[in-house]
Amino acid sequence: MNYTDFLNKTSLDNRINWVDQVKGFTIFLVVYGHNFPFNEKYIYSFHMPLFIMVAGFFHPAVSALSNIKKRTTSILVPYFLWSFILFALWFFITRNYGDNLLYHLSPLKNFLGIFYSQGGRDYMDWGIPMWFLPAIFMTFLIFHWLRKIKNDALFCVILALIPICGFIYSRLTHINLPWSINIAMVALIFYAFGFYAFPKINSIAKKTSILLVAIIGLIHFFLYDHNLKIDLYRAVYGNEFFFILNGILGSLFILFFFKAFPVFRFLAFIGKFSLTILALQLLAMTFIKVILLYVLGQNDFNFSEWERFLYAVLQIILMIPGFFIINNYVPILNGGFKKI
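Computed from a prediction, not measured in an experiment: that's the story for all the values here.

### Things to note about the confidence of the model for the chain
On average, residues of the chain carry a pLDDT of 91, and 95% of them reach 70 or more. Per-residue pLDDT stays below 50 along residues 1–14; that stretch engages in 20 contacts with residues further than four places along the chain or on separate chains.

This is how it looks when you write it as structure tokens:
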């Protein structure tokens, strides 16, 4: 089976269970990572590269205009719908409580942040994690147009130059471009890697996967601390070589683990709703804090490590009813496909 046939067979409608488990685990790491755990540096060394790599798994084999329309429907339309919903909730409710009262944030700037989609608390206090959706769309778009280049040598040169330009830009300025275009240029490394490596990864036998888990996991564990804490959202890469190496090694470690042990079915379930979780995770934590404050009388939110982990689990559980509602009535909020 050639590469195009493989990708056509492995379509979004023909889901691979272990990949959904990887997506579920990765979105859990996103939620857990936003609770500031002790192993935050380790998680940040690979969790966003892994998300990008998995997105690259299912890049269309043919660079057709219809694929841009599909990605617009599955990424940009949910982004804007969720952004308007989250902004409305922020404007009418959450900005009037808690720490938000200290910042005196501009409603106009936060409204403009929906369209700029890269601005931190000043522009996206209603939902900073949503930056990722326009960014991954831009990564898709760059790779889509790159694959139209017929000359292989020219394709490889431009594929290498685009991330280099992204790294240079981040060294020259800390101003992120609209829709995180500068970050999308760097993300192209992991997106392209996922696209070309997926058939090989998916074909590796279980015993080999277990061996690779042990080898790659150990190498990554000893290397990740050689760099700064990565913050892809702010284009903080530290040492670019270690950023790329740890992003790939950490991602492969998780991929081969779930390839070898695809038994975590609940993760596959939540993996199908990663977009919804991305949108609702902060609201879920806000709800938890409201219960802690007004029901249990706790006003100290400096959580212990176990609390940070357990509350991440609870955040996911609180969203489960929303999964069913969105899946049955407004699937466009989760990318436009019914997944249960």
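Back to the write-up after that little detour.
### A word on the side chain of Asn 110
Within the element layout of this structure, Asn 110 appears in helix α7 (residues 107–116). At 2.8 Å, the side chain of Asn 110 and the backbone nitrogen of Asp 125 are in polar contact. In this view, Asn 110 contacts Phe 87, Trp 90, Leu 105, Arg 121, Asp 122, Tyr 123, Met 124, Asp 125 and Trp 126; residues no more than four positions away in its chain are not counted.

### Some details on the nonpolar core
Counting residues in hydrophobic clusters, the biggest one holds 99 residues, and the most contacted among them are Trp 126, Met 130, Trp 131 and Leu 255. At 14 residues, the largest contribution of residues to this core is made by helix α11 (residues 181–203). Not counting residues up to four positions away in its chain, the partners in contact with Trp 131 are Met 48, Ser 117, Gln 118, Met 124, Ser 180, Ile 183, Leu 232 and Tyr 233. Ranked by size, the runner-up nonpolar core spans 5 residues in total, among them Met 285, Ile 288, Leu 292 and Tyr 311.

### Concerning the packing of aromatic side chains
Each aromatic ring pair is summarised here by two numbers: the centre-to-centre distance and the angle between the ring planes. Inspection of every chain in the model, using the stated rule, returns 48 aromatic pairs. Their ring planes at 20° and their centres at 5.9 Å tell us that Phe 28 and Tyr 32 sit as a pair that is stacked. In this pair, Phe 28 and Tyr 32 both sit in helix α2 (residues 17–33), 4 residues apart, roughly one turn of the helix. Neither residue differs from the other here; Phe 28 and Tyr 32 are each classed as buried. With centroids separated by 6.4 Å and ring planes inclined at 80°, the aromatic side chains of Phe 57 and Phe 58 adopt a geometry described as edge-to-face. Both residues of the pair, Phe 57 and Phe 58, count as buried. Ring-pair connections join several aromatic residues into one group, and the members of that group are Tyr 79, Phe 80, Phe 84, Phe 87, Trp 90, Phe 91, Phe 92, Phe 111, Phe 115, Phe 137, Phe 140 and Trp 179. The ring of Trp 90 carries Arg 95 above its face, with NZ or CZ at 5.7 Å from the centroid. Directly above the aromatic system of Tyr 44 lies the positively charged group of Lys 229, at a separation of 4.6 Å from the ring centroid.

### Brief notes about unusual backbone geometry
A positive phi angle is found at Trp 179, which is not glycine, with a value near 60°. Within the secondary structure, Trp 179 is located in the loop between α10 (152–172) and α11. The backbone phi angle of Ala 235 is positive, close to 60°, even though this residue is not glycine. Relative to the helices and strands, Ala 235 is located in the loop between α12 (206–223) and α13 (240–260). What makes Ala 235 buried here is its relative accessible area of 11%.

### Brief notes about the environment of Pro 331
Considering the arrangement of structural elements, one finds Pro 331 in the segment after α16 (305–329). Its relative accessible area of 18% is what places Pro 331 among the buried residues. Sequence-wise, Pro 331 and Phe 58 are 273 residues apart; in three dimensions their C-alpha atoms are separated by 20 Å.

So, how was this worked out
Residues numbered from 1 in each chain as written. Predicted model: local features only at pLDDT ≥ 70, side-chain atom pairs only at ≥ 80, totals over all residues. Heavy atoms only, no water. pLDDT = per-residue confidence, 0-100. Contact = heavy atoms within 4.5 Å. Helix = DSSP H or I, 4+ residues; strand = E, 2+ residues; numbered from the N terminus. Polar contact = N/O pair within 3.5 Å; in protein donor to acceptor, adjacent residues only side chain to side chain. Core = buried A, V, L, I, M, F, W, Y, C linked by side-chain atoms within 4.5 Å. Buried < 20%, exposed > 50% of the residue type's maximum accessible area, 1.4 Å probe, protein only. Phe/Tyr/Trp six-rings, centres within 6.5 Å; stacked < 30°, edge-to-face > 60°. Lys NZ or Arg CZ within 6 Å of the ring centre and 35° of its normal.

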